[in-house]
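# Examination of the molecular architecture
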Amino acid sequence: MDFRDTPEEAAYRAEVRTWLHANAQPRTSDEQRFGEGLDDAERISAARVWQRRKAEAGYAAITWPREWGGSGGTAMQQVIYGQEEERFLVPRMVFENSIGQCLPTVAMWAAPAVRERHVPRGIVGDEIWCQLFSEPAAGSDTGGIRTRAERHGDEWLINGQKVWTSGAHFCDYGILLARSDWDKPKQKGLTMFIIDMKAPGVEIRPIHQMSGDTEFNEVFLTDVRIPDANRLGEVNGGWKVMLSTLMHERLAIGGHLPTHLHRNLIQVARTARWNGRPALDDERVKERIANAFLSQHGVELIIARGLTALSQGKEPGPEMSILKLVAGRGILDIAGFALEMAGPEGLVAHQDLGREWSFLQQLWLSAPGIRLAGGTDEILRNVVAERVLGLPGEIRTDRELPFRELER
Amino acid sequence: MNFDFSDDQRLLAQEVRRMLAETSTSTEIRRVLAGHATHSADVWNNLVGMGAAAAAIPEQFGGAGLGYLELCLIAEEAGRHLAPVPLASSFYLAAEALMRSGNEEQQQRWLPRIAGGDVIATAALADAEAWSTGPAPVFADGRLSGRFAVVPDAMIAGLLVLRAGDTLVLVDPAAPGVARHAIATLDPTRPCGEVVCTDVAAQALCGGERGAALCERVLNAAAVLLAFEQVGGATRILEIARDYALQRKAFGRQIGSFQALKHKMADVYTANELARVHAYYGAWALSCDAPELPVAAAAARVAASVAFNRAAEEGIEIHGGIGYTWEMDCHLYMRRARYLAQLIGSEHAWRTRLADALIREAA
Ligand SMILES: Cc1cc2nc3c(=O)[nH]c(=O)nc-3n(C[C@H](O)[C@H](O)[C@H](O)COP(=O)(O)OP(=O)(O)OC[C@H]3O[C@@H](n4cnc5c(N)ncnc54)[C@H](O)[C@@H]3O)c2cc1C
């Protein structure tokens, strides 16, 4: 057991650091974020530029195999890169879905020509991807998808509605799950496609989130034509393709909880005053600081276990599901308590209070979304109970019946 | 980075698990519970005989000379099987104090006997002023006076390491002026005693580290090792509850298919794994004496105390009425969870220690 970098890891870290110093500005504080003052379009084009630069240096798709155009590196290298990049003022997140899930799915399932067409462009930042699975009536229950895919010769005609599609408003392509057979049971009649987000019939309406941002969208699909060549996997084999996407999502182990959060809490407690004394003198405040560290550092350690499993050639299993359970609840508690310490002043909108408050308030507003996206807390508990502890699955009435016959 | 134990370390743990599965049975634990024995001699002889208990004691003092990582895994197995033996008293606490600060003569005299099981040693290291009522123990001019209210394994110990202020003192329980008597506690499978010293001739530990820093260091090591016992116990009682939930039926189905119980067990699992990763980190910090040890040890202790108490409480709830009976082992886990969580100071006190260490670090 050893927490320090191995000599190879240290060498990789040094190389990454040197490259970042030559190509980006270091951040001056934990809370500083890239793109303050830029509008959406400017942020996206800055992200494309940064992605290209990373691709040229071999940092855009570190863990992908070389035949996909990746660097054939380890998950540990990916994490080292992420840790180092976090200290610089560079665009993050825009390509997360592309590189993390969508393009690996394309690389795995697309015909060679289609793969050659898209994967290299994705890596260098020319194409950004999103994931169109969820629908108004199919969220946790992804198998309930009603978007219709009808085959007409060499083409498919798509009609329906997707929702909560992160980044759809700036993405070029997406992977889309649709119902191709209504007479089969729900999970057996789905097919996965590549969809051109700029194609006729694709209408994107941004959704105003509780955080004030508009990161996800409704996507209406009316007679959208998709060539059969852009099908991923078998007809009616979409469920299997989707599971592989989710597996990539799980393998894309990344920071889920800012590593400096307990320091933010300590900082706030130093300045906030309770009963005429610094809040930091209060034992109850200290308890909350200790609890914050337990979840925040716990998340890092759970990731470290996953990385170790990967380095031993094992796949991190469903036990990694606890990561998001700990992180989501942790962020809500920690950020909420930081705001609470300031009393009524904690309510003042962030613009007036400076960068640290802005960071904490935005974090607090984002936490409910973290608990939902990519599997709700309840679904994750089911996963732990069933796949880790071996408890029985939920009683279901919808598994065998043709989808057509299921009640709405 | 490598956040796992080695294959050799796992192999040793498996051997210990096999031995404990055979010897540390419910029947054996219940002999101690009923007061027929102070500890299980069978389990103890095996643990000592295998060289497992003395894993972290150097070979020159009769130990196995392996290290803390090995001892951590052995602790996990001991916790898993509720081993009714003075492992913590003798090895995590007393031997640890001697290794950190005994002089050559003190180490030569005691460590080989502890390692070989000839002497069971124990220690009372918590800062007495923190929660005891009476006057604080005093050590001056080679003489110790004071009352130590709850000393684990006091009645079977051949050596006591007692704390007076920030001095650790070696006391022979047979010396004139030492009075001890057994006390009933919430976990009778791990008996304790009260020790009263009246002007007892004794020797301070006087090599290596001293003072408050020494006490902290020994407590931090014990915190990590106890966390492994807690993680072991918490994991086991969850398995027992899960197995029962698969077998017991109500309303025409397995009770383990009710989502309320599934989610309860998922939450217990999450708390257990959170405790496990913090314990692993503590093991690493302990094994290489990293500057992170105070934070890592306190985090491991708090997370593991929370996890084991909760897993044991929910273990009974999941069993229903049968879980509340003397005959089922559920209460043994709940008792042991409480014992381990308070043995070297409460979860609450350790949370404060964790916060203080974090605040120092952030200054
Ligand atoms: C910020 C954000 C970004 C997202 N990005 C994308 C994206 O890019 N692409 C995409 O396809 N989707 C995306 N989603 C959608 C997300 O995957 C779904 O919101 C999520 O799966 C939940 O589905 P739902 O919203 O329909 O809620 P529902 O499934 O209706 O859930 C409502 C409540 O019921 C509970 N529930 C449901 N089933 C069970 C069960 N079996 N047992 C116990 N409780 C249950 C849920 O836990 C929840 O509390 C995003 C969501 C968010 C919040």
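Presented here is an overview of the structure given in this document. (Residues numbered from 1 in each chain as written. Chains lettered and ligands numbered in written order. Predicted model: local features only at pLDDT ≥ 70, side-chain atom pairs only at ≥ 80, totals over all residues. Heavy atoms only, no water.)

### Some thoughts on the packing of aromatic side chains
Evaluation of the coordinates by the stated rule reveals 19 aromatic pairs over all chains. Plain terms: the ring middles of Trp 19 of chain A and Trp 50 of chain A are 5.4 Å apart, the flat faces sit at 35° to each other, and that makes the pair tilted. With Trp 19 of chain A in helix H1 (residues 7–23) and Trp 50 of chain A in helix H2 (residues 40–57), the pair connects residues that are 31 residues apart, well separated along the chain. The exposure class of Trp 19 of chain A is buried, given its relative accessible area of 15%. Owing to a relative accessible area of 6%, Trp 50 of chain A belongs among the buried residues under this scheme. Measuring from ring centre to ring centre gives 5.7 Å for Phe 3 of chain B and Tyr 280 of chain B, while their planes differ by 85°; the resulting arrangement is edge-to-face. Here Tyr 280 of chain B lies in helix H8 (residues 259–287) and Phe 3 of chain B lies in the segment before helix H1 (7–23), a separation of 277 residues in the sequence. There is no split in this pair, since Phe 3 of chain B and Tyr 280 of chain B are both buried. An aromatic cluster of at least three residues, connected via ring pairs, comprises Phe 3 of chain A together with Phe 3, Phe 5, Phe 228, Tyr 280, Tyr 281 and Trp 284 of chain B. A cation sits over an aromatic face here: Arg 179 of chain A above Phe 403 of chain A, 3.5 Å from the ring centre. Directly above the aromatic system of Trp 110 of chain B lies the positively charged group of Arg 113 of chain B, at a separation of 4.9 Å from the ring centroid. (Phe/Tyr/Trp six-rings, centres within 6.5 Å; stacked < 30°, edge-to-face > 60°. Helix = DSSP H or I, 4+ residues; strand = E, 2+ residues; numbered from the N terminus. Buried < 20%, exposed > 50% of the residue type's maximum accessible area, 1.4 Å probe, protein only. Lys NZ or Arg CZ within 6 Å of the ring centre and 35° of its normal.)

### Section: the layout of surface pockets
As a volume, the second largest pocket reaches approximately 820 Å³. Arg 305 of chain A together with Tyr 269, Glu 273, Arg 276 and Tyr 280 of chain B are the residues nearest the centre of the second largest pocket, which is lined by 36 residues in total. Contributions of two or more residues to the lining of the second largest pocket are made by helix H8 (283–311) of chain A together with H1, helix H4 (68–80), helix H7 (211–247) and H8 of chain B. Of the residues that constitute the lining of the second largest pocket, the class distribution is 14 nonpolar, eight polar and 14 charged. (1 Å grid on protein atoms, 1.4 Å probe; cavity = no way out; pocket = protein on both sides within 12 Å on 5 of 7 lines; lining within 4 Å. Points joined across faces, edges and corners; volume = space filled by probe spheres on them. Nonpolar A, V, L, I, M, F, W, Y, C, P; charged D, E, K, R; others polar.)

### A short note on the pattern of salt bridges
Residue and element names in this part refer to chain A. Considering all chains together, one arrives at 55 salt bridges over all chains under this definition. Note that Arg 121 and Glu 127 form a salt bridge whose closest N and O atoms lie 4.0 Å from each other. Assessed through its relative accessible area of 36%, Arg 121 is described here as partly exposed. Among the residues examined, Glu 127 registers a relative accessible area of 5% and is labelled buried. (Salt bridge = Lys/Arg side-chain N within 4 Å of Asp/Glu carboxyl O.)

### Considering the interface of chain A and chain B
Across the contact, 48 residues belong to chain A and 46 residues belong to chain B. Both faces combined, the contact of chain A with chain B buries some 4,300 Å², and carbon together with sulfur accounts for 68% of it. Across the chain A-chain B interface, the total number found is five salt bridges. Of the charged contacts in the structure, one is a salt bridge between Lys 262 of chain B and Glu 394 of chain A, with a shortest N-O distance of 2.6 Å. The leading source of residues in the side of chain A that touches chain B is H8 of chain A, at 16 residues. For the side of chain A that touches chain B, the per-class residue count stands at 23 nonpolar, ten polar and 15 charged. (Contact = heavy atoms within 4.5 Å. Buried area = accessible area lost by both parts, 1.4 Å probe.)

### Here we look at the packing of H4 of chain B against helix H5 (residues 87–101) of chain B
Residue and element names in this part refer to chain B. In contact at an axis separation of 11 Å, H4 and H5 are set at 160° when each is read in the N-to-C sense. Relative to H5, H4 is oriented roughly antiparallel. As for how H4 packs across H5, the hand of that crossing is left-handed. Mapping the contact onto sequence places Tyr 68, Leu 71, Ala 75 and Ala 78 in H4 and Leu 87, Tyr 92, Glu 96 and Met 99 in H5. A per-class count over the contact of H4 with H5 returns seven nonpolar, no polar and one charged. (Axes fitted to C-alpha atoms, helices over the stretch in contact; angles between N-to-C directions. Parallel < 35°, antiparallel > 145°, perpendicular 65-115°, else oblique. Left-handed = near helix turned anticlockwise from the far one by under 90°.)

By themselves, these observations are geometric and do not establish any function.
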